[in-house]
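A look at the structure
Here's the letter readout for the chains.
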Amino acid sequence: MSRRHHFHIDHLGHSVSVTVQTGHTAVVEVLVDGKETGYARTQGDRPVTVPVELPTDPPTTVTVRATPGPGEPRCLLTTEADGEPQMMAPRAY
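What comes next is a walk through the structure. All figures in this text were calculated on a predicted structure; none of them were measured in a lab.

**Brief notes about the overall build of the protein chain**
- In terms of helices and strands, the protein chain carries zero helices and nine strands.
- Listing each helix as α and each strand as β along the protein chain from the N terminus yields β-β-β-β-β-β-β-β-β.
- Its C-alpha atoms give the protein chain a radius of gyration of 13 Å, within 12% of the compact-globule value 12 Å for 93 residues.
- With respect to the principal axes defined by its C-alpha atoms, the protein chain has extents near 40 × 25 × 20 Å.
- Looking at the protein chain as a whole, 40% of its 93 residues qualify as buried.
- By sequence separation, contacts in the protein chain at least 24 residues apart represent 28% of the contacts at least 6 residues apart.

**Describing the side chain of His-11**
- Among the secondary structure elements, His-11 is positioned in strand S1 (residues 4-11).
- Excluding residues that lie within four positions of it along the chain, His-11 makes contacts with Leu-54, Val-62, Leu-77, Thr-79 and Gln-86.

**Considering the sheet that holds strand S9 (residues 89-91)**
- Spatial ordering of the open sheet is given by S4-S3-S2-S1-S9, a layout of five strands whose pairing is antiparallel. Each edge of the open sheet carries a strand with a single partner, namely strand S4 (35-43) and S9. Ignoring which end each strand starts from, the neighbouring axes of this sheet average 25° apart.
- For strand S2 (residues 14-21) and strand S3 (residues 25-32), the ladder comprises six bridges, and the chain directions are antiparallel. Across the sheet, Ser-17 pairs through a bridge with Leu-31, a residue of S3.

**Re unusual backbone geometry**
- Cis geometry marks the peptide bond from Asp-57 to Pro-58, where omega comes out at 0°.
- Among the secondary structure elements, Pro-58 is positioned in the loop between strand S5 (48-54) and strand S6 (60-67).
- Residue Pro-70 follows Gly-69 across a cis peptide bond; omega there is 0°.
- One can find Pro-70 in the loop between S6 and strand S7 (74-79).
- The phi torsion at Leu-12 lies on the positive side, around 55°, for a residue other than glycine.

**What to know about the pairing of S4**
- Looking at chain direction, S3 and S4 are connected through eight bridges and run antiparallel. Each bridged residue has a counterpart across the sheet, and for Val-32 the counterpart in S4 is Lys-35.
- Between S3 and the antiparallel strand that follows it, S4, lie two residues; Asp-33 among them carries a positive phi value of about 50°.

What counts and how
- Numbering of residues starts from 1 in each chain and follows the order in which that chain's sequence is written.
- Owing to the predicted nature of the model, reporting of local features is limited to residues with pLDDT of at least 70; listing and counting of side-chain atom pairs is limited to 80 or more, with chain, interface and lining totals taken over all residues.
- Side-chain metrics in this entry use all non-hydrogen atoms of the structure; hydrogen atoms and water are not considered.
- Helix and strand definitions follow DSSP, with helices as H or I runs of at least four residues and strands as E runs of at least two, each counted in order from the N terminus.
- With the radius of gyration taken over C-alpha atoms, the globule rule is written as 2.2 Å times the number of residues to the power 0.38.
- Type-normalised accessible area, obtained with a 1.4 Å probe on protein chains alone, sets the label of each residue: buried when under 20%, exposed when over 50%, and partly exposed for intermediate values.
- Note on contacts: a residue pair is in contact if any heavy atoms of the two residues lie within 4.5 Å.
- Two strands form a pair only when DSSP identifies at least two bridges running between them.
- Simply put, an axis is a line fit to the C-alpha atoms, just over the touching stretch for a helix, and the angle between two N-to-C directions goes from 0 to 180 degrees.

Next up, the structure:
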């Protein structure tokens, strides 16, 4: 049975949202300022990394690492500049 889990963070003035659909094949969709900029699939509970760019001047590359399981999914946002992962907050909607 699949479920959708939503995560969000504001980074450098931009909205980054992630939807993780769990199930036999997990699907990860990344939106930046409401536009889909990244998409990935993974089998089961394997973590997946999705690189995306924030529309800054110059563009900033960030990485979203989604872990579909086991248990509740979780997402981290990491920038190339500092490499410090930031936990993305779960959202209910």
